[in-house]
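Below are the chains, spelled out letter by letter.
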Amino acid sequence: MFCYQCQEAAKGTGCTLAGVCGKKAEVANLQDLLIYTIKGISILANEGRKIEININQVDKFIVNGLFMTITNANFDDNAFYKTIKEGLKLREELKKNIESKGIVLKELHDSVTWIAESDAEIELKSNSADVGVLATDNEDVRSLRELIIYGVKGMAAYAHHAYNLGKENNEIYAFITKALEATLDDSLSADDLVALTLETGKYGVDVMALLDDANTSTYGNPEITQVNIGVRKNPAILISGHDLNDLEQLLEQTKGTGVDVYTHSEMLPAHYYPAFKKYGNFVGNYGNAWWKQKEEIEAFNGPVIFTTNCIVPPKDSYKNRIYTTGASGFPGCKHIEADEKGNKDFSEIIQHAKKLDSPTEIETGSIVGGFAHAQVFALADKVVDAVKTGAIKKFFVMAGCDGRMKSRDYYTDFAKQLPDDTVILTAGCAKYKYNKLALGDIGGIPRVLDAGQCNDSYSLAVIALKLKEIFELNDINELPIAYNIAWYEQKAVIVLLALLHLGVKNIHLGPTLPAFLSPNVINVLVNTFGIAGITNVQDDIDMFLQ
Ligand code: SF4
Ligand code: SF3
């Protein structure tokens, strides 16, 4: 195996024996083969699109398959064997479909022609050096190809949530397959790939806008909300991940059963949506970011359902309480499948919860959030006044991911040491590094404004563009906004590329720069966009406030 897609890549270069995340070599290789197979399907999808055959089922397969390979989403070897076989079948059907229209498919890439009759043959192919990341020799080309692929993985995750809510955009699907085909094209130069990377950012903005539309048109606009972080004395289910449709189905099915529902990690922002406030058993948020789940799930006592990443390989003591659904999976844990209409039956989890103790209290009180674009626009006068009077000197966008590395304490210290006339704009699970600190408010505006999940970084961009308009500026970079972003997995990659597409410069990225960026690619990002890493809290604050 070789994997360097996340911030925890071993030794800052890549995991080779097993993932720091807990991914086994076999699964890593199967993920590579699934991506390889999806590239082959993409080549045919691009042909199919030219002659306007309906490939919606193929697009959905691609989006789901990409999502399954995101860090901490799916550790289940069986799920990958099954998905690869499904992919090969779809690919052959698509091939026939295209050929039936009189098109002659010639000189096809191996990713379009390889076949396997058994799991053993799939395993053999997955071990071949041609399918993995290192199949590309040139370090810079490899770096750009993977940067595009990781951006596309993040894009796929958001497209997946959107289509679960009935919102799709064929241009996004078409970009995904075009980009994946391009990563096999040896005739493209590094400059071509840089251009494609920036184009990936454009579709990153589009997919986040699509998901924002899907979420807000289904569940209303997020509004300021106090979220309880304590517990009640009923049996309960913990729901994690990002999928709001799964949450809605769980709330509908637990209604009136005496079983409570709590969110974990990236599901916290669900509390900000008006539509979920009507459920009396939707109690609050339990715990913190994904990486604390070993202690927190132990203490929760009830069953846990993962709708997406981030799963930490469970301890035996609670593994029988773990359920997965959607693109997520873990060997030995029950996976809840959707029927053809997307309906899921959570009754087994509800029955399971009834047999278990209520959650152990680990915290009390509440946290505030719900500052997505509509809510911030409603407060615009107040915010603009605060900027004009100098009550707010600067905003710090600190969106992104949290993670287990000790070096991430930087973000807690950074938040603590920021001067009182600054406001943090956050989204994603990065918030857990400072959302429980008593940072106060500025004239009623909290000093930490949480827009929501990582995809709601879109809201932060919309807010920035609105402020640019209000202050009549020519350039988004003239705003008093600094960007100090924490990243971990591939959704953060698409968020970053989206911000670059919007023209945001001088983004600082930490706690370390991605292992998949080669020195030359880093140079391009530094020279074109002023991307930089982080140093230490005091020097960085001084630099940002200069
Ligand atoms: Fe390593 Fe991250 Fe890949 Fe897991 S996802 S194998 S931790 S680089
Ligand atoms: Fe968190 Fe995985 Fe990235 Fe969605 S849940 S932000 S790390």
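As recorded in an unreviewed UniProt entry, the protein chain goes by Hydroxylamine reductase and comes from Vallitalea longa. Per its UniProt entry, the protein chain bears the Subcellular location (unreviewed entry) comment "Cytoplasm".

A. Summary view of unusual backbone geometry. In this chain, Asn309 is followed by Cys310 through a cis amide linkage whose omega measures 10°. Within the fold, Cys310 resides in the loop between β5 (304-306) and β6 (322-325). With an omega of 5°, the peptide bond between Gly510 and Pro511 qualifies as cis. Along the polypeptide, Pro511 turns up in the loop between β15 (508-510) and α17 (519-529). Backbone geometry at Asn301 places phi at a positive 75°, although glycine is not the residue there.

B. Broad picture of the site of ligand 1. If you check the shell around ligand 1, you find Met1, Cys3, Tyr4, Gln5, Cys6, Ala9, Cys15, Gly19, Val20, Cys21, Lys23 and Thr71 and nothing else. Class assignment of the residues belonging to the shell around ligand 1 gives a composition of 8 nonpolar, 3 polar and 1 charged.

C. Representation of the site of ligand 2 within the structure. As a structural note, the neighbourhood of ligand 2 is formed by His242, Glu266, Trp290, Asn309, Cys310, Gly400, Cys401, Cys429, Cys454, Tyr488 and Glu489. By residue class, the composition of the shell around ligand 2 is 6 nonpolar, 3 polar and 2 charged. No fewer than three residues from each of domain 2 (225-354) and domain 3 (372-545) sit in the shell around ligand 2.

D. Spotlight on the domain arrangement of the protein chain. Structurally, the protein chain comprises domain 1 (10-218), domain 2 (225-354) and domain 3 (372-545). For domain 2 versus domain 3, the distance between C-alpha centres works out to 29 Å. Contact with domain 2, which involves 21 residues of that partner, is made by 19 residues of domain 3. Buried area between domain 2 and domain 3, both sides added, is near 1,500 Å², and the carbon and sulfur share of it is 53%. For domain 2, the biggest contributors to the area lost against domain 3 are Glu266, Trp290 and Trp291; these three give 37% of the whole.

E. Local environment of the packing of aromatic side chains. Using the criterion set out here, one finds 19 aromatic pairs in the structure. When the centroid spacing of 5.9 Å and the interplanar angle of 90° are considered together, the rings of Phe414 and Phe544 count as edge-to-face. Of this pair, Phe414 sits in helix α14 (residues 409-417) while Phe544 sits in helix α18 (residues 537-545), and the two are 130 residues apart along the sequence. Residues Phe414 and Phe544 agree in their burial class; the two are buried. Taken together through their ring pairs, the aromatic side chains of Phe2, Tyr4, Tyr150, Trp487 and Phe516 make up a single cluster. Between the NZ or CZ atom of Lys202 and the centre of the ring of Tyr203, over which it lies, the distance is 4.3 Å. Across from the ring centre of Phe377, 5.3 Å away, lies the NZ or CZ of Lys466, which sits over that ring.

F. Layout of the sheet that holds strand β10 (residues 422-426). Strands sit in the order β13-β10-β9-β14-β15 across an open sheet of 5 strands; the sheet is parallel. Strands at the two margins of the open sheet, each flanked by one partner only, are β13 (448-450) and β15. On average, each strand axis in the sheet is tilted by 20° relative to the strand beside it, whichever way the strands run. Bridge count between strand β9 (residues 394-397) and β10: 4 bridges; the pairing is parallel. Paired with Phe395 across the bridge in β10 is Val423. Against the sheet, helix α15 (residues 457-470) touches β9, β10 and β14 (481-486), its axis set at about 170° to β14.

Calculation criteria
- Residues numbered from 1 in each chain as written.
- Chains lettered and ligands numbered in written order.
- Predicted model: local features only at pLDDT ≥ 70, side-chain atom pairs only at ≥ 80, totals over all residues.
- Heavy atoms only, no water.
- UniProt positions renumbered as here; feature names shortened; annotations may be inferred.
- Helix = DSSP H or I, 4+ residues; strand = E, 2+ residues; numbered from the N terminus.
- Near = heavy atom within 4 Å.
- Nonpolar A, V, L, I, M, F, W, Y, C, P; charged D, E, K, R; others polar.
- Domains from an automatic or database assignment.
- Contact = heavy atoms within 4.5 Å.
- Buried area = accessible area lost by both parts, 1.4 Å probe.
- Phe/Tyr/Trp six-rings, centres within 6.5 Å; stacked < 30°, edge-to-face > 60°.
- Buried < 20%, exposed > 50% of the residue type's maximum accessible area, 1.4 Å probe, protein only.
- Lys NZ or Arg CZ within 6 Å of the ring centre and 35° of its normal.
- Pairing = 2+ DSSP bridges.
- Axes fitted to C-alpha atoms, helices over the stretch in contact; angles between N-to-C directions.

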